[in-house]
Every structure is written in structure tokens, then in C-alpha cells.
There are 2 protein chains.
Amino acid sequence: MRSIVLTFGLIILSCLILFEVAKFSLIKHTLPIELMVGIFAALFLVIGILIAGKRGPAPAREPDKEPASPSPVFGIDQQKIDALGISRREYEVLQEIALGLSNQEIAAKLFVTESTIKTHISSLLVKLDAKRRTDAVRIAKELKIIN
Amino acid sequence: MRSIVLTFGLIILSCLILFEVAKFSLIKHTLPIELMVGIFAALFLVIGILIAGKRGPAPAREPDKEPASPSPVFGIDQQKIDALGISRREYEVLQEIALGLSNQEIAAKLFVTESTIKTHISSLLVKLDAKRRTDAVRIAKELKIIN
DNA sequence: TCCTTCTTCATACGAAAGTATGAAAAGCGC
DNA sequence: GCGCTTTTCATACTTTCGTATGAAGAAGGA
């Protein structure tokens, strides 16, 4: 909670500063308006991606307004991941499984113990309704929740 | 692929339209610059979030072709299978592995003992230079020798 | 603050996977 | 027939995987 406030505060603050600087430049006609707007657009595009990248555990999943795209436009269907209740960490493990790594290798890669990986995989198998890791990978690919 | 191009095309198109309208309003001084920039910032913030929500870690994956319905011969590289020295029976086993079946299930499906399946898999792992069956599946898909 | 979820870890056990080795039958090309 | 590969199977052993259960700290929402 505190971290969110802090992060947003920082973002807003830096944006305001940038904004004032930009307006100053604009008045002096040292920058065209188009460029100005473009910069801000790009800036907020990046910010948006960053924010979304830090997806929390299903943030208040209200009834979805349809995304109007039955097929995943950009490859991965985040909504399906949420709908299955797959957590961030579990998803990371799933990706490593798909790469063909062993539990031990995944543990080393994610800096946790093999025990933890086993726990994640067990719940993944339940959530994906799979019997084995190979099964889980196939199902996940069919659901397009991994590449 | 087509849908991605379409989506991006639409986004860019609507942005250009919005941009022109905005510039027009700006010239007529019906809107303050701040509001203008703010609208675009918000717009691209949303777009960024949407994109991030739908994107994958993008490890250069080509989309899988339609399963089963068309002849699996198209897209499969028979020459690579031969080059790797993978026999007919081994290839059958490989396909079953990719479906997520256990050794026992594969044995039942192919009417042989589990022992035989293990033998086939062992040589498959060597020929594919894989350490595990999950690894073998990934490699086989990358080599386009299975769907 | 209380409650829940997520993440982490451990231990123990059973099931599945994989390795090593040997061997026998069948098919094929020479 | 002879040599070669493929396919089949077995036994024994090691490693990995998966389940069950309990527990504890961190983060976030109500």
C-alpha cells in the first residue's frame, strides 16, 4: 500500500516537472507541438506497460467488459491466467517447465529451494487440471497462456 | 499475425485522427495545451496497459499451426527426423510424450510394455540431445519435427 | 487490526522417469 | 546366409517427480 502511494507520487511528481519544462519550451517555440505530444504519449505508453507488468494478484476482478477479441491478439491471454487463479510465481515456474528444466534447475534459476518449486508445480497441476508437467505444458499452450 | 497487424493498424489510425482533431482544436484555442497533452498521455497510458496485459515475454515464437485437421506432413520436417536418426517407432513415442502421456499410458496406447517405451525414450533423449522428456518436447517443437 | 493469499520451506513417502546392460526376434540389403 | 538396424522385453538401480502435511513470514484488502 505504502509502496504504491510512493511509486505513484514519484511518477506524478516527475511528470509535473517534465510538464512544466515542456510548456516552457513550447512557449519559446523551441519545440513543435507534435513532438511535444508525441513525447508525452510515448512516455505514458511506457509507464502503462510498466504498471501493467507489475500485475498484482487479480486486482479487483470485476465482471469483465468483453475485450472483443476472442483470439488473443498479442499472444498471451492474461485474463485466462487470472481466471485459473495462477499466481505470478506459479506462472514463472510454468514457463520454466515449458523450457524443459528440472525442478532443481528451476529452483536454482529462481533462487528458491526445490521444495518450493514442487509446491508451486503441485498447485499448477491442479489449476491446469493436468496429471504431469508435460501435460501441463500442453494444456497451457492450448490455452495460449504460454508461448 | 494478421490480427496483430490489424490491431496495430487500427490503433495507429485512430491515434492519427485524434491527433489531427486535437491540433485543429488547439489552433482555434478551444482547448488548453495542458488538457491536450493530458488526454494523449492518458490515452497512451491505457494503450500501454492493454498491450502489456496481452503480451508475452516474446521469445520469438512462431504460432502453432492448426492441430490435426490438416495433414501433419505440412510443417513437419521429415528430413530432420531422418538426419537425427529417429526411427519410426521412436517418433511415435515422441508424439505421445508431447501429448503429456506417461510411459505407462504410451505403452498401453502402442500395445507394448513400459519397458519398451523407456528404451525408446532413452534413445530419443540422446538423439535430441535432451535431458528430460519436457526438454525433448521443446527441442522437437523448435526443430519443427512435431506439431 | 484482522483475515486471506502468496510465497517460502521442510520432511516423508509413493510413483514415475531415466540409465545400464543384455538379449532375442524380425526385416533388409548385399 | 551374414551383417546391420529396428523393435521388443527384462532386471536392477538411481534419480526425479509429485503428493501430503504442516508451518511461518510478508503483503494487501476489508
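Please refer to the structure placed before this passage.
Predicted model, so just to flag it, every value in this text is computed and none were measured.

### With respect to the overall build of chain A
When helices and strands are tallied, chain A shows seven helices and zero strands. Considering chain A as a whole, with its 147 residues, one finds that 37% of them fall into the buried category. Considering only contacts within chain A whose residues lie at least 6 apart along the sequence, 53% involve residues at least 24 apart. Per element, the accessible surface of chain A, about 9,000 Å² overall, is 67% carbon and sulfur.

### Describing the protein's contact with DNA strand C
Contacts to DNA strand C come from 18 residues, most closely from A:Ser87, A:Val112, A:Thr113, A:Ser115 and B:Arg133. At the protein interface, 61% of the atoms of DNA strand C within 4 Å belong to sugar or phosphate. In this structure, a phosphate oxygen belonging to DNA strand C sits 2.9 Å away from a side-chain N or O atom of A:His120. Side-chain polar atom of B:Lys118 to a base oxygen of DNA strand C: 2.9 Å apart, as the coordinates give it. Sorting the residues of the surface near DNA strand C by element identifies helix H4 (88-98) and helix H6 (114-128) of chain A together with helix H6 (114-128) of chain B as the ones contributing at least two each. By residue class, the composition of the surface near DNA strand C is three nonpolar, nine polar and six charged.

### Regarding the protein's contact with DNA strand D
For DNA strand D, the set of nearby residues contains 19 residues, the closest of which are A:Ser122, B:Ser87, B:Val112, B:Thr113 and B:Ser115. Within the contact set of DNA strand D, a base nitrogen lies 2.6 Å away from a side-chain nitrogen or oxygen of B:Ser115. Elements represented by at least two residues in the surface near DNA strand D include exactly H6 of chain A together with helix H4 (88-98) and H6 of chain B. Of the residues contributing to the surface near DNA strand D, the split by class is four nonpolar, nine polar and six charged.

### Some remarks on the pattern of salt bridges
By the definition in use, this model includes 12 salt bridges over all chains. Residue A:Glu105 is joined to B:Arg132 by a salt bridge in which the shortest nitrogen-to-oxygen separation is 2.7 Å. Of this pair, A:Glu105 sits in helix H5 (residues 103-110) while B:Arg132 sits in the loop between H6 and helix H7 (133-142), on two different chains. For B:Arg132, a relative accessible area of 23% puts it in the partly exposed group. One salt bridge connects B:Glu142 with B:Arg138, and the closest N-O pair in it is separated by 3.2 Å. Taken as a pair, B:Glu142 and B:Arg138 lie in helix H7 at a separation of four residues, close to a single helical turn. Judged by relative accessible area, B:Glu142 falls into the exposed class, the value being 53%. You can call B:Arg138 partly exposed: its relative accessible area is 24%.

### Topic: H6(B)
All names here are of chain B. Taking 1.5 Å as the rise per residue, H6 with 15 residues should run 21 Å; its terminal C-alpha atoms sit 21 Å apart, in good agreement. Within H6, burial applies to Ile 117, His 120, Ile 121, Leu 124, Leu 125 and Leu 128. For H6, the angular spread of the buried residues around the axis is 140 degrees, confining them to a single face. Away from its buried face by more than 90 degrees, H6 exposes Thr 119 and Val 126. Tucked into the core, H6 has its buried residues touching H4, helix H5 (103-110) and H7. Taken from the residues just after H6, Asp 129 is the one with a positive phi, measuring 55 degrees.

### Some remarks on the packing of H4(A) against H6(A)
Residues and elements named next belong to chain A. One can describe the packing of H4 onto H6 by two numbers: an axis separation of 9 Å at closest approach and a directional angle of 90 degrees. Classified by the angle between their axes, H4 and H6 sit roughly perpendicular to one another. Side by side, H4 and H6 meet where Arg 89, Glu 90, Val 93, Leu 94 and Ile 97 of the first sit next to Ile 117, His 120, Ile 121, Ser 123, Leu 124, Lys 127 and Leu 128 of the second. Broken down by class, the residue content of the contact of H4 with H6 amounts to seven nonpolar, two polar and three charged.

### Overview of the environment of B:Thr134
Within the secondary structure, B:Thr134 sits in helix H7. Using a relative accessible area of 5% as the deciding quantity, one classes B:Thr134 as buried. Counting along the chain gives 37 residues from B:Thr134 to B:Ile97, while the straight-line C-alpha distance between them is 8.2 Å. Setting aside its immediate chain neighbours within four residues, B:Thr134 contacts A:Ile97, A:Gly100, A:Arg133 and A:Thr134.

About the criteria used
- Residues numbered from 1 in each chain as written.
- Chains lettered and ligands numbered in written order.
- Predicted model: local features only at pLDDT ≥ 70, side-chain atom pairs only at ≥ 80, totals over all residues.
- Heavy atoms only, no water.
- Helix = DSSP H or I, 4+ residues; strand = E, 2+ residues; numbered from the N terminus.
- Buried < 20%, exposed > 50% of the residue type's maximum accessible area, 1.4 Å probe, protein only.
- Contact = heavy atoms within 4.5 Å.
- Areas by Shrake-Rupley, 256 points an atom, 1.4 Å probe, with all protein chains shown as cover.
- Near = heavy atom within 4 Å.
- Polar contact = N/O pair within 3.5 Å; in protein donor to acceptor, adjacent residues only side chain to side chain.
- Nonpolar A, V, L, I, M, F, W, Y, C, P; charged D, E, K, R; others polar.
- Salt bridge = Lys/Arg side-chain N within 4 Å of Asp/Glu carboxyl O.
- Expected span 1.5 Å × (residues − 1).
- Arc of directions from axis to C-beta.
- Axes fitted to C-alpha atoms, helices over the stretch in contact; angles between N-to-C directions.
- Parallel < 35°, antiparallel > 145°, perpendicular 65-115°, else oblique.

Purely geometric stuff here, so don't read any function into it on its own.
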